[in-house]
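Overview (structure and organization)
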Protein chains: 4
Amino acid sequence: MKKLNVALIGQGFMGRAHCNAYRQVNHFFETPFDLQLKVICGRNRPGLEKMAVTWGWEEISTDWRSVIGRGDIDVIDVATPNWLHAEMAIAAAAAGKIVLCEKPLAVSLVQARQMVDAVRGEPNMVWFNYRRVPAIAFTRRLIEEGRIGQVFHYRATYLQEWGNDPTRPPGWKLQKSEAGSGVLGDLLSHLIDTALYLNGPIDEVSAMMHTFSPGRDVDDATLLLARFANGSIGSFEATRYAVGCRNRNAFEIHGSKGMARFDLEDLNRLEFFDAADARNLQGARRLLVTGPDQPYSTNFWKPGHIIGYEHTFIAALGDFLGSLESREPFHPNFEDGLAVEQVLAAVETSAKQNGVFTAV
Amino acid sequence: MKKLNVALIGQGFMGRAHCNAYRQVNHFFETPFDLQLKVICGRNRPGLEKMAVTWGWEEISTDWRSVIGRGDIDVIDVATPNWLHAEMAIAAAAAGKIVLCEKPLAVSLVQARQMVDAVRGEPNMVWFNYRRVPAIAFTRRLIEEGRIGQVFHYRATYLQEWGNDPTRPPGWKLQKSEAGSGVLGDLLSHLIDTALYLNGPIDEVSAMMHTFSPGRDVDDATLLLARFANGSIGSFEATRYAVGCRNRNAFEIHGSKGMARFDLEDLNRLEFFDAADARNLQGARRLLVTGPDQPYSTNFWKPGHIIGYEHTFIAALGDFLGSLESREPFHPNFEDGLAVEQVLAAVETSAKQNGVFTAV
Amino acid sequence: MKKLNVALIGQGFMGRAHCNAYRQVNHFFETPFDLQLKVICGRNRPGLEKMAVTWGWEEISTDWRSVIGRGDIDVIDVATPNWLHAEMAIAAAAAGKIVLCEKPLAVSLVQARQMVDAVRGEPNMVWFNYRRVPAIAFTRRLIEEGRIGQVFHYRATYLQEWGNDPTRPPGWKLQKSEAGSGVLGDLLSHLIDTALYLNGPIDEVSAMMHTFSPGRDVDDATLLLARFANGSIGSFEATRYAVGCRNRNAFEIHGSKGMARFDLEDLNRLEFFDAADARNLQGARRLLVTGPDQPYSTNFWKPGHIIGYEHTFIAALGDFLGSLESREPFHPNFEDGLAVEQVLAAVETSAKQNGVFTAV
Amino acid sequence: MKKLNVALIGQGFMGRAHCNAYRQVNHFFETPFDLQLKVICGRNRPGLEKMAVTWGWEEISTDWRSVIGRGDIDVIDVATPNWLHAEMAIAAAAAGKIVLCEKPLAVSLVQARQMVDAVRGEPNMVWFNYRRVPAIAFTRRLIEEGRIGQVFHYRATYLQEWGNDPTRPPGWKLQKSEAGSGVLGDLLSHLIDTALYLNGPIDEVSAMMHTFSPGRDVDDATLLLARFANGSIGSFEATRYAVGCRNRNAFEIHGSKGMARFDLEDLNRLEFFDAADARNLQGARRLLVTGPDQPYSTNFWKPGHIIGYEHTFIAALGDFLGSLESREPFHPNFEDGLAVEQVLAAVETSAKQNGVFTAV
C-alpha cells in the first residue's frame, strides 16, 4: 500500500465527520492507500489537541499556510467555514496538493471559478456527501436504467428547524461574512447538487429568499421554481424555520414510468413506484436500500442492517481514493461544485428582482 | 320540518356526490329541512333517467332555464362544467333561488365578480368540500387555539397522475373552452381555498404554468411561490403528471409552536407536532381524526371508525342547512370563491410574464 | 323492482350502521329490490322514535316477537346484544323469514348449531362486514391468484384501548350475561372470520384469556397460537387494553411468493410485497385500494377517493341482495358464523387448561 | 491511558462487527483504555490474514487454546458459532481473562450455568447489542420515568425471510450441532433479552416451534405466549420465513399511561403515545431518537443525523469499558445471558408437550 499523507484544516462538526471517514475508509473499501493522519489544523489549540488524541493525528497546527507549505503532505482537506474555502484550496492547489473541499465550494461564483482553474489537472473533490447515500446512488441507477422514464417533476426540500431556536448560540453559519449566505449555501446547495446529479442541468430559476429573524443578514429560507434542460420542471425549498423537522432533506421525482421519493431522516429507504406494474398492484414500494444489488451494500453490513449519516463520508472518500488509483474521473469535483454555484448565483439574482412577484 | 325543494344541474361525478349528500345529510346532521329532490337536470336523458331512479329524483329535465324558472324550486345546485357556472348561478340568483355552485366558482375573475354581485343578500355556497374534512377543520381549530403559533411556512401540493394516461378518453377537463383552465381551476383552486381558510390572505405570487402534452390548451401543472399577509411564505404545486399519486392533496404548515401535515389520501389523519413537548419527546403525532372532541366526530361513527371522501360533501351541506336556519354566515360562499379566483388570476398573470425566470 | 320488507331489531351502534346500509345500498349496488323499512324494534321507545324519523322507518315496536310474527315482513335483521341472537334468529327462521344476524353469531356453540339448523334452506347472513373491506377482498383475490404462494405465517391483532378507560359507562359488552364473552366474541371473532376467509380452516389452538380489571367477568384480552389446515401457523391477539390503538384490526400474511399487510385504521390501503420482483426492487407496496380493477371500486367513487367504515356494511348488504337474486351461495352465512364459534370454543377450552403454560 | 490487550476469536459477520467496535469506541466514548488489537483467531487462515490487514490485528492464530493461554492478553472476545461459546468462555475465565461472549450465551441451560459460575467475580459481557439501540435504551428510560405506566401488553416479533431462500448456502446457523437451535437462539434470544430489560422477568410461557423445511433439524419459527411477573401478558414470534421482512426486530408495549413501538429496520425512531395528552391531540409520536436528551446522542452526531447497526456494538463496548473503570455493574452480563437461556429452555419444554394445543 502506498502512503498518503493527509492534513485536515477544520475542527468543527465537519472536521469530525472527515476524521471518521479517514479512520474507517479502509475498513469498508479496498483502497491501495495507507492514509497517514499527519496534521490537523485549526484556530483552537485545546480543541485540536483533543481531536488529535481522539482520532490519532500526529501533529496539530494553528497555521494553515505553513501546513500547505510542507513537502510531506499529499492531501489538503478543507473543512473550514465557507469564506475560507477559496483561499485555502487555491493555495493548496498551487502547492501541488490533492485538494478536498467542504461544500458549498465557495461564497461567490468568482471564487468558485478561480478554484476550478486552480485545481485543473489535479485530483479534487467537493464533499457533497449525499451523492453517496445508497438510496440516492440507487435512484441515479434507476434513472439510468430507464425505470423513471421521461421526468416531469422534480421536487426537493431541505427542512431544518433550528433557525427559530432562541437558545441556540449564534455561530458562523448565521454570519454572512463567514458563511456567505444562509440556507442558500448550507442547505440548498445540497439539494441542487443532488438535482444536477439525478436530473441534469437547470436552465432557469425563479426564486424567493426570506429572512424571518430581524437583524440577521443571511437567508433563513430560500424557495425556487426551476426549469431543467430535460424539459422537466422543479421546485426547491430550503429553510431553517420548518418546526417539526430535524433534518429532512427530501426529494420526489415523477417520470413517465415511475416515481422515486427519498428523505434523509430515513436514509436507508427509497420509495419507488413502478408504473409498469399491473394497475391494481401499483403502489409505492418501500425499498430498504441495504442490498442485495444496491450501491455500497457489499461495503458495509448485511441486507436489513442499516447504516448512518457518517457512512456517506466514508463512501465518498472510498470512491475518491479508488479514482486516484484508477485515474477515472471522480464526481463531485470542483467543476460540480461550480455548477452548483452557478445555480445559486442565479437564485440570488432572481430573488433580488422586485418584479418577480405579482400582487393578488 | 320545512320542505326544501332542490334542483340539481349536472349529472357527472360531482352530480353523483351531491346526490349522495342530499340523501345522507339528515342521517348525520340535525337540520330542520325536509329535502325534496324535485328535479335533476342535464343533457344526457338516459343518464338522467338512471340517476333519477338511483337517487330518487322526482323528475328529469334537459332544459336548465325552465328548471330555474319554476316557482316550486327553492335551491339550485350547479354541478356542471366550469364554463357554465356563471350563467346558471346568475340566472338562479335572479330567480330568487338559494344557489350552490361547484368549484371553481367561475372561469374568469369578471364572471366571479358578477356571481358575487348576483347572489348578494341570498344564501349561497361554493362546494369547496375539503374545508369539511375533519382533519382540515381541526387544523383550523389548532391554528385558532394558537397551537401552531406564528406561521412561517405553508406548503401545499395536489398531485394526480392521469394527465399522462394515454388510454383515458379526453373529457371537458382538458378543453379550455369548457374548463377554463387545467389544474389551475381543477386542483390549485382547492389548495388556494384551503390555504386562505387556514392561513389567511395571499398578497403576491410568482408562478409557472406548464403543459406537457403537445396540443393541449390547458395547464398540466401549475406551481407558485407566495407571500401571505401574515408574513409567512408558501409554495404550491398542482399537477396531473405526478405518476405514483392518485389524489394527493396535501399541505404542511410550520409555525413557531408547531407543525401540521395532511394528505387527502389518508383523510382521517392529521400529523401534528407540538414544539411545547419536552425536547426528547417531540415527534409528529399521527392523530386519527375520528373523535373524540374533533370536528364532525359526533355526526358520523365512533372514534377509530373512519369516514371517506363523500362525507365532506355531507358535512358541507349539513353546515349550510344549519346556517340557513341560524342565519349565521356560511363559508365558503361565493365571496370565498371569488377570493380564490383573485389568486388564480394573479397566478395566470405571473406565469405569462417572460421575465419571471433568471437564466442559470 | 321487487319490494322487500325489512324489520330491524336493535337500536344501538350496529343498528345505526345497518340503517345506513339499507338507505345506501341501492345508491351503489344494482339490486332488484326496493327495500321497505317497515319497522325498527327495540326496548327504548324514545330512541326508536328518533331513529325512525332519522332513517325513515315506517313503524316502531318494543315487542320483537310480534314483529317476527307479522306476515308482511320478509327480512328480520338481528342487531341486538349477543345473548339474544339465537332466540330471535331461530324464531325468525321458524316464521320463514330471511334472517340477518350481527356477529358473533351466538354466545355458545350449542346455540350456533341450533341457529344453523334453523335457517337451513333459507337465505341468511352474518354481519362479518370486514370481508367487504376492499383491501381484504383484494387480499383474498391475491391469494387465489397465487400471488402469496404457500402461506407460512398468519398474524392478526385487534387492538382497542377503551377497556382501560375508567370514565366509560359500563355497557352490555362488559357483562358476560349479555355479551357471552369479552373480546373473544367482540373482537377475536372478527379476526377468526377473516382468517378463515383468507387462510382456510384452523386445526388447533393454544390460548390465553386474561382479565385486567378486577371484578369483570369477561376477558379483556385473548391471545392464541394456531395451526392452520394448510400447514401455516398463526398468532392472534384481541384486547381492549392496547393503549394508543383506537381500532387496529390488522393482519399480516407471509407466503412463499409474497406478503400482505392490512390495518383497519387505514382501511383503504393494503401493503403487498411481491417476492417475484427483482431483489433490489423488492419492497412492500402501499396500494390505495380504491380501484381500478379492485373490489367495489366501480360501486363507490373514483380511484384515489377513499371510503369509510360504513361502506363495508353497504357492500355486505349489496352482495347479499345480489345473491338473493342469483341464487348463488352467500358468505359469510350462519355456517360461517358457526365455524368461527367452533374456533372460539376451542380457544376457551384451551385457555381453561392449567397445564398449557410452562414455568420459566 | 491504560493498555488493554484484546484477542478476538471469530472471523465471521459478528467478528467483523466487533472489529469495528474496537476501532471506533474511543472515537465516540471517552474510555481510559488504549485498546491493543493483539490477535484474531479462527480456522480460516487466509480469511484471518485479510481481516488482520483490514482491521489492524497484530497477529493471527488458528489455535484458540494457545491464545487464551497467553499472558499478555487481557480480554478474550468469543464470536464463534454458538456451540463453542461455553468451552471457550470457561477456558478464558479460568485463565483470568475478561470475557466477552456473543449471544446466545450457550446452547444449553447447563452450559449457561457453568459459564456464569466460571466468570463470577470477573468483568464479563454478553453481546446483546440491541440494548444499546438509542430508541430501546430510551424506552427503558420512559418506563422508569413512569411514562408507560402499568404495563398490560408486550408484543415482539423478529421477522427475517432468508429461511425460504433456496439459493442461500447452508451455514452453521442451520445445523443444530453448531447452532444449538434455529431462531430460538438466533432471533428469539434477542427478543427475550430486550423484554427482560424493558419489562422484567417472565414467569411462564406457552410455545410452538415449527420447521417448514423438510430435513432441517432446527426451528424455522418459534412463537410463544407469556406471562410476566409484573402482571402483563406477552406474545413473541421469531421466524426466518417472514417473506417481505429483511430484519424486522420489533416490539410494542401498551401500558396504562402510554405506548411505545419500535422496529430495528428503522432503528433511529421510536413511536411513543402519551395517554396524558388531551384526547383530541393524542397520537403516536414518531421520535427521531438522535438527541437532544436521548441516549448516546452526545456520543455520535447531531440531532437529525442517524446512526446505523454498527453503533450498537460501539456503544455496548463503550459502556462496558466505562464499567471496567467505574466498577459499576455492567449489563447485559453472563447472568443476563443465563436469564435468557432460562426462558428459552422453558420455551423448548413447552413446545415439546403435545397437550399444549386444543383441537378445533
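Note: the structure precedes this text.
Note that this is a predicted model, so its numbers are computed, not measured.

**Focus on the overall build of chain A**
Per the secondary structure count, chain A includes 10 helices and 15 strands. The globule rule puts the C-alpha radius of gyration for 360 residues at 21 Å, and the 21 Å found for chain A is close to it. With the principal axes as the frame, chain A shows a C-alpha extent of 60 × 50 × 40 Å. The contacts of chain A with a sequence gap of at least 6 include a subset with a gap of at least 24, amounting to 68%.

**Considering empty space enclosed by the protein**
All names here are of chain B. Evaluation of the coordinates by the stated rule reveals 13 cavities of 30 Å³ or more. Looking at the second largest cavity, its volume works out to about 80 Å³. Looking at the second largest cavity, the residues that line it are P134, N268, V289, T290, P295, Y296, S297, F300, W301, K302, H305 and I307. Residue composition of the lining of the second largest cavity, by class: seven nonpolar, four polar and one charged.

**So, the sheet that holds strand β3 (residues 59-61) of chain B**
As a general point, the strands of a sheet are linked pairwise by backbone hydrogen bonds and lie either parallel or antiparallel. Residue and element names in this part refer to chain B. Spatial strand order, β3-β2-β1-β4-β5-β6: six strands in an open sheet with parallel pairing. The strands lining the two open edges of the sheet, one partner per strand, are β3 and β6 (124-126). Pairwise comparison of adjacent strand axes, ignoring direction, gives a mean angle of 20 degrees for this sheet. Taken together, the three bridges between strand β5 (residues 98-101) and β6 define a ladder with parallel strand orientation. Its bridge partner being in β6, L100 is matched across the sheet by M125. On the sheet, helix α1 (residues 13-28) packs against β1 (2-9), β2 (33-41), β4 (75-78) and β5 and is oriented at approximately 160 degrees with respect to β2.

**With respect to the pattern of salt bridges**
A side chain with one charge can pair with a side chain of the opposite charge if their charged atoms come near. In total, this model carries 126 salt bridges over all chains according to the counting rule given. A salt bridge links R65(C) to E87(C), with the nearest nitrogen and oxygen atoms 2.4 Å apart. One end of the pair, R65(C), is in helix α3 (residues 64-69); the other, E87(C), is in helix α4 (residues 85-94), and 22 residues separate them in sequence. With a relative accessible area of 39%, E87(C) lands in the partly exposed category. Put simply, E204(D) and R227(D) hold a salt bridge, and the shortest N to O gap is 3.0 Å. Of this pair, E204(D) sits in strand β8 (residues 202-210) while R227(D) sits in strand β9 (residues 221-228), and the two are 23 residues apart along the sequence. Taking relative accessible area as the criterion, R227(D) reaches 23% and is therefore assigned partly exposed. One network of salt bridges, in which partners are shared, links E265(A), D266(A), R269(A), R286(A), E265(D), D266(D), R269(D) and R286(D).

**Brief notes about the pairing of strand β14 (residues 284-288) of chain A**
A regular strand places its side chains so that they alternate between the two faces of the sheet. Within β14(A), four of the five residues are buried, which leaves the element mostly enclosed by the surrounding structure. With three bridges joining them, β14(A) and strand β14 (residues 284-288) of chain C adopt antiparallel strand pairing. From the neighbouring strand, A284(A) faces β14(C), where its bridge partner is R286(C).

**So, the interface of chain B and chain A**
Tallying the contact residues gives 59 residues for chain B and 59 residues for chain A. Here chain B meets chain A over a buried area of about 4600 Å², counting both sides, of which 58% is carbon and sulfur. Among the residues of chain B in contact with chain A, L225(B), T358(B) and V360(B) are the three that bury the most area, contributing 15% of the side total. Taken together, the connections running from chain B to chain A amount to six salt bridges. One salt bridge in this structure joins E237(A) and R155(B), with 2.7 Å as the shortest N-O distance.

**A look at the interface of chain A and chain D**
On the chain D side, the residues contacting the 36 residues of chain A number 36 residues. For the pair chain A and chain D, the two sides together bury roughly 3300 Å², of which 55% comes from carbon and sulfur. The largest contributions to the chain A side of the interface with chain D come from H27(A), W301(A) and I306(A), which together make up 21% of the buried area. Counting every contact that joins chain A to chain D gives six salt bridges. The shortest N-O distance in the salt bridge between R269(A) and E265(D) comes to 3.6 Å. Looking at the side of chain A that touches chain D, the elements with two or more residues in it are α1 (13-28) and α2 (45-55) of chain A. Ranked by residue count, the leading element in the side of chain A that touches chain D is α1(A), at nine residues.

**Some remarks on the sheet that holds strand β6 (residues 124-126) of chain D**
Residue and element names in this part refer to chain D. In space, the six strands of this open sheet follow the order β3-β2-β1-β4-β5-β6, with parallel pairing throughout. What marks the edges here is a single partner per strand, and that holds for β3 (59-61) and β6. With direction set aside, neighbouring strand axes in the sheet form an average angle of 20 degrees. Judged from the four bridges that link them, strand β4 (residues 75-78) and strand β5 (residues 98-101) form a sheet pairing that is parallel. If you follow D77 over to β5, its bridge partner there is L100. Across the sheet, helix α9 (residues 311-326) touches β1 (2-9), β2 (33-41), β5 and β6, and the angle it forms with β2 is around 120 degrees.

**Re helix α4 (residues 85-94) of chain B**
Residues and elements named next belong to chain B. Restricting attention to buried positions, one finds in α4 the residues H85, A86, M88, A89, A92 and A93. For α4, the secondary structure elements touched by its buried residues are β1, α3 (64-69), β4, β5, α5 (109-119) and α10 (334-352). A positive phi of about 80 degrees marks G96, the residue just after α4.

**Observations regarding the pairing of strand β8 (residues 202-210) of chain A**
Relative to strand β9 (residues 221-228) of chain A, β8(A) runs antiparallel, the two sharing eight bridges. Bridging from a neighbouring strand, M208(A) pairs with L223(A) of β9(A). Where β8(A) meets strand β15 (residues 358-359) of chain B, two bridges bridge the pair, whose relative direction is antiparallel. Of the residues in β15(B), the one forming a bridge with V205(A) is T358(B).

**With respect to the state of the cysteines**
Residues and elements named next belong to chain C. The final tally for this structure, using the stated rule, is zero disulfides over all chains. Sulfur of C101: no disulfide; nearest cysteine sulfur belongs to C41 and is 14 Å away. Judged by its relative accessible area of 0%, C101 is buried.

**A look at the relation of the copies chain B and chain A**
Relative to chain A, chain B is turned by 180 degrees and slid 0.0 Å along the rotation axis, the superposed coordinates differing by an RMSD of 0.0 Å. On the angle and the small slide along the axis, the relation comes out as a two-fold axis. When the interface residues of chain B are mapped onto chain A, 100% of them again fall at the interface, so both copies present the same face.

**Section: the relation of the copies chain A and chain D**
For the pair of chain copies, the relating transformation is a rotation about an axis with a translation along it. In screw terms, the move from chain A to chain D is a rotation of 180 degrees and a rise of 0.0 Å along the axis, fitting with an RMSD of 0.0 Å. Counting the interface residues of chain A, we find that 100% of their copies in chain D are interface residues as well, pointing to one common contact surface.

**Here we look at the packing of helix α4 (residues 85-94) of chain D against helix α5 (residues 109-119) of chain D**
All names here are of chain D. As a packed pair, α4 and α5 sit with axes 9 Å apart at the nearest point and diverge in direction by 15 degrees. By the angle class used here, α4 and α5 are roughly parallel. Between α4 and α5 the crossing geometry is left-handed. Contact with α4, carried on its side by H85, A86, A89, I90 and A93, involves Q111, Q114, M115, A118 and V119 of α5 and no other residues of that element. The class makeup of the residues in the contact of α4 with α5 is seven nonpolar, three polar and no charged.

**Describing helix α9 (residues 311-326) of chain B**
Taking 1.5 Å per residue, 16 residues should reach 22 Å; α9(B) reaches 22 Å between its end C-alpha atoms and fits that length. In terms of burial, α9(B) is a largely internal element, 12 of the 16 residues being buried. Those residues of α9(B) that sit buried are H311(B), T312(B), F313(B), I314(B), A315(B), A316(B), L317(B), G318(B), F320(B), L321(B), S323(B) and L324(B). Turning to α9(B), the residues buried within the fold contact β1, α1, β2, β5 and β6 of chain B together with α9 (311-326) of chain C. A positive phi of about 70 degrees marks R327(B), the residue just after α9(B).

**Notes on the environment of K50(B)**
For K50(B), the position within the fold is in helix α2 (residues 45-55). Sequence separation of K50(B) and K173(B) is 123 residues, and the distance between their C-alpha atoms is 23 Å. Of the polar contacts made by the side chain of K50(B), one reaches the side chain of E30(C); its length is 3.1 Å.

**Points about the packing of aromatic side chains**
A ring pair, where both rings are aromatic, is described by two values, the distance of the centres and the angle of the planes. The full count for this structure, using the stated rule, is 80 aromatic pairs over all chains. Between the aromatic rings of Y309(B) and F313(B), the centroid separation amounts to 5.3 Å while the plane-to-plane angle is 70 degrees, which identifies the pairing as edge-to-face. Of the residues examined, Y309(B) reaches a relative accessible area of 3% and is grouped as buried. For F313(B), a relative accessible area of 0% gives the class buried. What links up through ring pairs into an aromatic cluster is the set F13(A), W55(A), W127(A), Y309(A), F313(A), F28(D), F29(D), Y296(D), F300(D) and W301(D). Over the face of the ring belonging to W162(A) we find R168(A), whose NZ or CZ atom lies 3.9 Å from the ring centre. Above the plane of the ring of W301(A) lies R16(D), whose end atom (NZ or CZ) is 4.8 Å from the centre.

Rules behind the numbers
Residues numbered from 1 in each chain as written. Chains lettered and ligands numbered in written order. Predicted model: local features only at pLDDT ≥ 70, side-chain atom pairs only at ≥ 80, totals over all residues. Heavy atoms only, no water. Helix = DSSP H or I, 4+ residues; strand = E, 2+ residues; numbered from the N terminus. Rg over C-alpha atoms; globule rule 2.2 N^0.38 Å. Contact = heavy atoms within 4.5 Å. 1 Å grid on protein atoms, 1.4 Å probe; cavity = no way out; pocket = protein on both sides within 12 Å on 5 of 7 lines; lining within 4 Å. Points joined across faces, edges and corners; volume = space filled by probe spheres on them. Nonpolar A, V, L, I, M, F, W, Y, C, P; charged D, E, K, R; others polar. Pairing = 2+ DSSP bridges. Axes fitted to C-alpha atoms, helices over the stretch in contact; angles between N-to-C directions. Salt bridge = Lys/Arg side-chain N within 4 Å of Asp/Glu carboxyl O. Buried < 20%, exposed > 50% of the residue type's maximum accessible area, 1.4 Å probe, protein only. Buried area = accessible area lost by both parts, 1.4 Å probe. Disulfide = S-S within 2.5 Å. Least-squares fit on C-alpha atoms with pLDDT ≥ 70 in both. Parallel < 35°, antiparallel > 145°, perpendicular 65-115°, else oblique. Left-handed = near helix turned anticlockwise from the far one by under 90°. Expected span 1.5 Å × (residues − 1). Polar contact = N/O pair within 3.5 Å; in protein donor to acceptor, adjacent residues only side chain to side chain. Phe/Tyr/Trp six-rings, centres within 6.5 Å; stacked < 30°, edge-to-face > 60°. Lys NZ or Arg CZ within 6 Å of the ring centre and 35° of its normal.

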